[in-house]
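# Close look at the chain arrangement
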Amino acid sequence: MKNFVFNKSALHALDMLNCAGFEAYIVGGAVRDNLLSKIPHDCDIATSALPDETLSVFSEYKTVTVGIRHGTVGVVIDGDTVEITTYRIDSQASRDHRHPQSITFSRSLSDDLVRRDFTINALVYSPKTGITDLVGGIEDCRNRIIRAIGEPEQRFKEDALRILRCIRFSSVLGFDIEENTKKALFTQKKLLQGISVERIYSELTKTLCGISAGSAIMDYIDIWAEAIPELAALKNEPQNNPHHLYDVLKHTAISIESISPRPDLRLTMLLHDISKGECRTIGEDGFDHFKGHQEKSAKAAEKILTRLHAEGSTVKSVCTLIEYHDYRPSASSENVKRLLNKIGERAFFDLMEVKLADDMAHSPDTSSQAYILKLKEMADKIIAQGECYSLKQLKICGGDLIDMGIKPDAHISHILLKLLDDVINERCPNDASALKKLAFEYIKNKR
């Protein structure tokens, strides 16, 4: 217990509530994370003090009362906002399967804990009493199990977002889901149709960045498809091709876990083959082929992510990576420079990660890792040596051409692109004098 780490501001708030005669505990994720030897990010407090009593205890502090109707008061201590919530009972069944119809405040800790979602999130801690566990959360942490408190179906009916939270905790913590809880996930999955797209996107990205993200998608694809119907296309899609050892869903799951846990990269792997089934043809060789699936998958990804209100930069990044994930230029300096020019330096190296992850989910007999690493090595060298691959690196610009007497209406941008092409293909050095001479020749010959 002495090795537990909690926010000093939260511990100070506990002490103030206790000194005022109220029960108060750090509750939920912060306690669970300490048990798992993880550093907690937030420390929330549950207390027997009613909201007005909490405000009275912290009358000398700045407070935030946006959530006071639900019993939550935010108290700003040393720059940290500590959320303090009164014990409560959710009195009536939720109509929207998201929010309780009414809330009753309670002085009883047990009333508050038994209404929570999962046993591992219902642990409380106080420096005076240590951990209090009324629902078996410590044992479930020890056994690495996600278990709903009480009747699982009822917990999910109260708040359907708990369905995705359950899968997310399994992915992030690497825990198994207890059988009755797992069964309830599937029986109540249709409740997800009422969850906001913002919440779905948040849970999806957190799940994808977990250590068990592949199985969290593959094992629960029917549940995710209730929230994002297009994901159903990943199911039951064979890949009868020597390059593929797995069907589309398993290939997707393996590729997700084979790339860095960055949201845009993992979203790319989730969606990179989303339209593959639409593009299947059987060739004369008797094997499946999927011509054009990159472009179709990129368009489908754009539609999905836009609907989920993903950030514009994420949508752009994911769609670019999907569109190019199967692009195989020959390993030449010119082709690497063209790709750097086309998608930019960051996207290029992200694409190499995507291609490596995709390759790891193919048949090992057809591995392309040596080729991909060669492309990356060539790009590293090009960048390190300052070789030109973009207009901004060209030693001549539009203003220079105008100063040379070339009229602005003489397709200056077209001339600059031709000059860049000559530099990339090493027909002309990236030298201002040589480029000006070549520009004059283009105008003279009207090429």
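Attention in this report is confined to the structure presented alongside it. (Residues numbered from 1 in each chain as written. Predicted model: local features only at pLDDT ≥ 70, side-chain atom pairs only at ≥ 80, totals over all residues. Heavy atoms only, no water.)

### What about the environment of Cys319?
Checked against the element boundaries, Cys319 lands in helix 15 (residues 312-324). Residue class for Cys319 comes out buried when judged on its relative accessible area of 10%. Through-space distance from the C-alpha of Cys319 to that of Asn341 is 17 Å; in sequence the pair is 22 residues apart. Discounting residues that sit within four places of it in the chain, Cys319 has contacts with Ala298, Ala301 and Glu302. (Helix = DSSP H or I, 4+ residues; strand = E, 2+ residues; numbered from the N terminus. Buried < 20%, exposed > 50% of the residue type's maximum accessible area, 1.4 Å probe, protein only. Contact = heavy atoms within 4.5 Å.)

### Examining helix 7 (residues 161-173)
For helix 7, which comprises 13 residues, the first-to-last C-alpha distance of 18 Å matches the rise-based estimate of 18 Å (1.5 Å per residue) to within 8%. Of all 13 residues that make up helix 7, 11 are buried, and the element is covered over most of its length. Just past helix 7, the residue Gly174 takes up positive phi, approximately 75 degrees. (Expected span 1.5 Å × (residues − 1).)

### Considering the sheet that holds strand 3 (residues 62-64)
The strand order across the open sheet formed by seven strands is 3-4-5-2-1-8-9, and the pairing between neighbours is mixed. Of all the strands in the sheet, just strand 3 and strand 9 (130-132) have a single pairing partner and so form its edges. Averaged over all neighbouring strand pairs, the angle between strand axes comes to 35 degrees, with direction disregarded. Both strand 1 (residues 24-27) and strand 8 (residues 124-126) contribute to a ladder of two bridges, which runs antiparallel. Bridge assignment links Ile26 to a residue of strand 8, and that residue is Tyr125. On the sheet, helix 1 (residues 8-19) packs against strand 1, strand 2 (44-47), strand 4 (72-77), strand 5 (80-86) and strand 8 and is oriented at approximately 155 degrees with respect to strand 1. (Pairing = 2+ DSSP bridges. Axes fitted to C-alpha atoms, helices over the stretch in contact; angles between N-to-C directions.)

### A word on the packing of aromatic side chains
When we look at a pair of aromatic rings, we describe it by the centre distance and by the angle of the planes. This structure, assessed with the given rule, holds nine aromatic pairs. Each ring, one from Phe4 and one from Tyr125, has its centre 5.7 Å from the other, and the planes form 40 degrees; the classification is tilted. Residue Phe4 is found in the segment before helix 1, and its partner Tyr125 is found in strand 8; the two are separated by 121 residues along the sequence. We note that Phe4, like Tyr125, is buried. Seen from their ring centres, Phe58 and Tyr61 are 5.9 Å apart, and the 70 degrees between their planes marks the pair as edge-to-face. (Phe/Tyr/Trp six-rings, centres within 6.5 Å; stacked < 30°, edge-to-face > 60°.)

### Considering the pattern of salt bridges
All told, the structure shown has 24 salt bridges when counted by the stated rule. One salt bridge in this structure joins Arg115 and Asp112, with 3.2 Å as the shortest N-O distance. We classify Arg115 as buried; its relative accessible area is 15%. Each member of the salt-bridge network shares a partner with another, and the members are Arg262, Asp264, Arg346 and Asp350. (Salt bridge = Lys/Arg side-chain N within 4 Å of Asp/Glu carboxyl O.)

### A short note on the pairing of strand 5
Taken together, the three bridges between strand 2 and strand 5 define a ladder with parallel strand orientation. From the neighbouring strand, Thr47 faces strand 5, where its bridge partner is Thr86. Looking at chain direction, strand 4 and strand 5 are connected through six bridges and run antiparallel. Opposite Val73, over in strand 5, you have Ile84 as the bridge partner. Hairpin connection between strand 4 and strand 5: a loop of two residues separates the two successive antiparallel strands, and Asp78 in this loop has a positive phi of roughly 50 degrees.

### Things to note about the packing of helix 16 (residues 333-343) against helix 18 (residues 369-384)
At a closest axis distance of 10 Å, the pairing of helix 16 and helix 18 adopts a crossing angle of 75 degrees. It follows that helix 16 is roughly perpendicular to helix 18 by the angle criterion. Contact residues: Ser333, Val336, Lys337 and Leu340 in helix 16; Leu375, Met378, Ala379, Ile382 and Ile383 in helix 18. Partitioned by chemical class, the residues of the contact of helix 16 with helix 18 number seven nonpolar, one polar and one charged. (Parallel < 35°, antiparallel > 145°, perpendicular 65-115°, else oblique. Nonpolar A, V, L, I, M, F, W, Y, C, P; charged D, E, K, R; others polar.)

### With respect to helix 12 (residues 248-257)
Taken across its 10 residues, helix 12 has seven buried, putting it largely inside the fold. Buried residues of helix 12: Val248, Leu249, His251, Thr252, Ala253, Ser255 and Ile256, and no others. In this structure, the buried side of helix 12 is in contact with helix 9 (197-208), helix 10 (213-218), helix 11 (221-227), helix 13 (263-271) and helix 17 (345-360).

As far as function goes, none of this settles anything; it's purely spatial.
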